[in-house]
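# Examining the three-dimensional arrangement
Each chain, letter by letter, is given below.
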Amino acid sequence: MSNVHELNYLKDQVQELKDQGVYRVLPVLEGANEAEIILNGQSVINLSSNNYLGFASHPRLKEAAIKAVEKYGVGSGAVRTIIGNMDIHEELEVKLAAFKREEAVMVFQSGFNCNAGAIQAITNKGDLIISDELNHASIIDGVRLSRADKAVFKHSDMEDLVRVLEEKRSNYTNCLIITDGVFSMDGDLAKLPEMVEIAEKYNCMTYVDDAHGSGVLGENGRGTVDHFGLHGRIDFTIGTLSKAIGVIGGYVAGNKVMKEWLLHRGRPLLFSTSLPPAAVGAIMEAVDLLSSTTEYTDRLWSNAKFFKAELGKLGYNIGNSETPITPVIIGDEAKTVAFSKRMLEKGVFVSAIIFPTVPKGKGRVRCMVTAGHTEEQLSRAVKVFEEVGKEMGIL
Ligand SMILES: *Cc1c(COP(=O)(O)O)cnc(C)c1O
């Protein structure tokens, strides 16, 4: 009999990944996550980070982080509900609430933690959660942790949402409709104005995870809710501090009662240590910077427009993105991985995204244009797309 500790059942599954050509090795970055990076000793153009505004290594953020370390140290020392809540955590929440034009904000250690903590805290047995089928994995996990019943509607299909509500709403106490603000794999926006109307008609609460909208859409990057002018009509807005903001963390924005309740029942807040001072200092600087200028968001959008137009001219299928997220859809999983490998050999890092992150047969490389790219870098990347596309018979 084989020794169970050899984990042969996992070895078999790993071998299967290798057979399917989808086994991964982590890329190792030697230095900051910028527009051009050193990867395995080679300088390459980076088209895969969520560092939309180039804030991850911005001098002002670095300086703010160092200042915070000097005053507060490197760790917060405890969970917030015990003694890990510093004045800078409080200050950050006030600043974020003002920026988001909401009554209150509760900060968590990541966007993932917001979904893992908030959804289960605000729903109960006898409630119904209705979720878009393409919602982010952290929403799916967050929903699983809730005692509420669950239903899914077809991606951005408001008729299907109404169908679910007609069928089920009357059997439940509260109903929560959850959607991504920006869908991370395709870059399309949720149909928030219609969704809000429907939610109001059926007396449902709304929950928008705006991880890819924060710092990208709306006035000075205030997000998708601001973009659609829906302040006060979305009950819970989740933002991440790990993407455009360039640091780490997440927050739930909404009204004061939301905050009071999450302070008592938001489990990642109660059982996991709060954000370190360096992160808090850097985030506050990022919010100040974003509030004071549209320079970064403007450059992000003009770079994205330029890059999309160039890829479109080549004849690639770049989907229906409405944001800087630019999928280049290849299809077959193994071919997508091979495409990404060949791009890297030629100096462009663009990661392959395949099943189960996207549906089978919808493999793509996902290009993330940032404010940090120069037009020269983007043009160079487009040239490589052309060469590899022709070489592999895609163009
Ligand atoms: C990235 C992402 C998250 C996770 O945010 P982190 O701060 O990286 O944990 C949550 N939701 C969505 C929609 C995301 O795209």
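Here's a quick rundown of the structure. All residue numbers refer to position in the chain's written sequence, counted from 1. The predicted origin of the model limits local features to residues at a pLDDT of at least 70 and limits the giving and counting of side-chain atom pairs to 80 or more, whereas totals for whole chains, interfaces and linings rest on all residues. Only hydrogens and water are removed before side-chain values are computed, so all heavy atoms of the structure are retained for them.

With that out of the way, let us pick up the nonpolar core. Residues belong to one nonpolar core when they are buried, are Ala, Val, Leu, Ile, Met, Phe, Trp, Tyr or Cys, and are joined through side-chain atoms within 4.5 Å. Exposure classes here rest on a 1.4 Å probe applied to the protein chains alone. A residue is buried below 20% of its type maximum, exposed above 50%, and partly exposed in between. In terms of nonpolar packing, the biggest core is built from 36 residues, with Tyr52, Leu53, Phe55, Leu96 and Val107 touching the most fellow members. Secondary structure elements with two or more residues in this core: α2 (59-72), α3 (87-100), β3 (104-108), β9 (250-254), α11 (277-292) and α12 (295-314). Numbering goes from the N terminus for both helices and strands, where a helix is a DSSP run of H or I of at least four residues and a strand is a run of E of at least two. Broken down by element, the residue count for this core peaks at 8 residues, all from α11. Ignoring anything within four residues of it in the chain, the contact list for Tyr52 reads His212, Val216, Lys243, Ala244, Leu300, Pro324, Ile325, Met368, Val369, Thr370 and Ala371. Counting residues in each nonpolar core, the second largest holds 24 residues, with Val164, Cys204, Val208 and Leu230 among its members. We call two residues in contact whenever any of their non-hydrogen atoms come within 4.5 Å of each other.

This next bit is on the layout of surface pockets. Put plainly, a pocket is an open set of points on a 1 Å grid over the protein atoms alone with protein on both sides within 12 Å along at least five of seven lines, a cavity is a set where a 1.4 Å probe fits but cannot get out, and a lining residue has an atom within 4 Å of a point. Grid points are joined across faces, edges and corners, and a volume is the space filled by probe spheres set on the points. Considering only enclosed or pocket space, the second largest pocket measures out at about 290 Å³ in volume. No other element matches the 3 residues that helix α4 (residues 111-122) contributes to the lining of the second largest pocket. Counted by class, the lining of the second largest pocket contains 4 nonpolar, 4 polar and 5 charged residues. Each residue is assigned to one class: nonpolar for Ala, Val, Leu, Ile, Met, Phe, Trp, Tyr, Cys and Pro, charged for Asp, Glu, Lys and Arg, and polar for all the others, Gly among them.

Glancing now at the pairing of strand β1 (residues 36-39). Every second residue of β1 is oriented toward a common face, the buried set being Ile37 and Leu39 and the non-buried set Glu36 and Ile38. At least two DSSP bridges between two strands are required for those strands to pair. Two elements, β1 and strand β2 (residues 42-46), share 4 bridges in a ladder whose sense is antiparallel. Along β2, the bridge assignment pairs Ile38 with Ser43. What sits between β1 and β2 in their antiparallel hairpin is a turn of 2 residues, with Asn40 showing a positive phi close to 50 degrees.

With respect to topology, 7 strands assemble into an open sheet ordered β3-β9-β8-β7-β6-β4-β5, the strand pairing being mixed. Sheet topology places β3 and β5 (149-153) at the edges, where each strand pairs with a single neighbour. When strand polarity is set aside, the average angle formed by the axes of neighbouring strands in this sheet is 20 degrees. In the sheet, strand β4 (residues 128-132) pairs with β5 via 5 bridges, with the strands oriented parallel. Residue Asp132 lies in a different strand from β5, and its bridge partner there is Phe153. On the sheet, α3 packs against β3, β8 (236-240) and β9 and is oriented at approximately 125 degrees with respect to β3. Strand contacts of helix α6 (residues 158-168): β4, β5 and β6 (175-180), with the helix running at about 150 degrees to β5, the strand carrying the most contacts. For helices, the axis comes from a line fit to the C-alpha atoms of the stretch in contact; other axes are also lines fit to C-alpha atoms, and the angle between any two N-to-C directions lies between 0 and 180 degrees.

Okay, the site of the ligand next. Nearness is defined per residue: one heavy atom within 4 Å of the molecule or strand is enough. In the neighbourhood of the ligand, 13 residues make up the surrounding shell, with Gly111, Asp209, Thr240, Ser242 and Lys243 lying closest. Counting of polar contacts relies on pairs of N or O atoms within 3.5 Å, with two restrictions inside protein: one atom must be capable of donating a hydrogen and the other of accepting it, and residues adjacent in sequence are counted only when both atoms are side-chain atoms. Here an oxygen atom of the ligand sits 3.2 Å away from a polar atom, N or O, in the side chain of His212. In short, Shrake-Rupley with a 1.4 Å probe defines the accessible areas, and a residue's cover is counted only from the protein chains shown. For the ligand, whose free accessible area comes to 380 Å², the fraction covered by protein is 86%. Looking at the shell around the ligand residue by residue, the class counts come to 2 nonpolar, 8 polar and 3 charged.

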